[in-house]
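Each chain, written out:
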Amino acid sequence: MAKLQVFNDLITRFAEHVDFVTVYTSEAHPLDEWAMSTPAKYNRRQHNDMTDRLKAAQVIKEEGLRGTLVVDSLANEAAELYASQPDRLFIIKDGIIVYKGSMGPLGYSPEQITSWLEKNLKTDN
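Throughout this description, residue numbers start from 1 for each chain and increase along the sequence as written. Thresholds applied to this predicted model are a pLDDT of at least 70 for local features of residues and 80 or more for the giving and counting of side-chain atom pairs; totals over whole chains, interfaces and linings are not thresholded and use all residues. Heavy atoms from the whole structure form the basis of all side-chain values; hydrogens and water molecules are not counted.

Undergrad: I tried to follow the environment of K100 on my own but got confused; where do I start?
TA: Here a strand is any run of E in DSSP of at least two residues, a helix any run of H or I of at least four, and the numbering for each starts at the N terminus. As for its placement among the helices and strands, K100 is situated in strand β4 (residues 96–100). Accessibility expressed as a relative area gives 52% for K100, which makes it exposed. As for K100 and Y82, which are separated by 18 residues in sequence, their C-alpha atoms are 9.2 Å apart. We call a residue buried when its accessible area falls under 20% of the maximum for its residue type, exposed when it is over 50%, and partly exposed in between, using a 1.4 Å probe and counting protein chains only.

Undergrad: Sorry, what's going on with the nonpolar core here?
TA: Most often, soluble globular proteins have nonpolar side chains that are buried together. F7, L10, F20, I113 and L117 are the most contacted members of the largest nonpolar core, which totals 19 residues. Listed by contribution, the elements that provide at least two residues to this core are α1 (4–14), α2 (50–63) and α4 (110–120). It is α1 that contributes the most residues to this core, 5 residues altogether. For our purposes a nonpolar core is just a set of buried Ala, Val, Leu, Ile, Met, Phe, Trp, Tyr and Cys residues, chained together by side-chain atoms within 4.5 Å.

Undergrad: Could you clarify how one ought to interpret α1 in this entry?
TA: Residues lying three or four places apart along an α-helix face the same way, a consequence of the helix completing one turn every 3.6 residues. Considered for burial, the residues of α1 that qualify are L4, F7, N8, L10, I11 and F14. Along α1, the residues classed as buried sweep out an arc of 155° about the axis, all on the same side. Between two residues, a contact is recorded if the distance between any of their heavy atoms is within 4.5 Å. Contact partners of the buried residues in α1: β1 (21–24), α2 and α4. As used here, the arc belongs to the directions running from the helix axis to the C-beta atoms.

Undergrad: Where do I start with the environment of L54 in this structure?
TA: By the element assignment, L54 lies in helix α2. Sequence-wise, L54 and Y24 are 30 residues apart; in three dimensions their C-alpha atoms are separated by 8.7 Å.

Dropping the structure here:
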C-alpha cells in the first residue's frame, strides 16, 4: 500500500502497451499470526475462506488500485508458484518471465519496472 500511487502512475503511463494484473494472496501480517501495527481497516485475521479473501482484496480496490485485480486460491497456488509472498513484481511476455523483481516489501520497486519498460518498449512516452 505504501507504493500504491507509484504503481498506479506506472499503470497510467503504460496501460496502452501492457496489461497490469495484481494477484491478491494471503495476508502478510494477519492479527492471528505475525501482526504489525497498521491502520484498523487493514487489520484482519488470516483468511478462512474465499469470502474473507475477497473482502480483503476489495479494500485494495477501494484504496484506488488501478488495473485488474485477481485473487489467489486459499491454497496460495500463485504465491507458491511465483515465490511472491508478501509481494513481488514480474513482467511476463509471451508466457515467459522476462523480469523478476526482488521480494517485497524492501524489494518491491515499481520504479525498476518503469525502467525496464522504458528500455524495452517503444512508446511515445
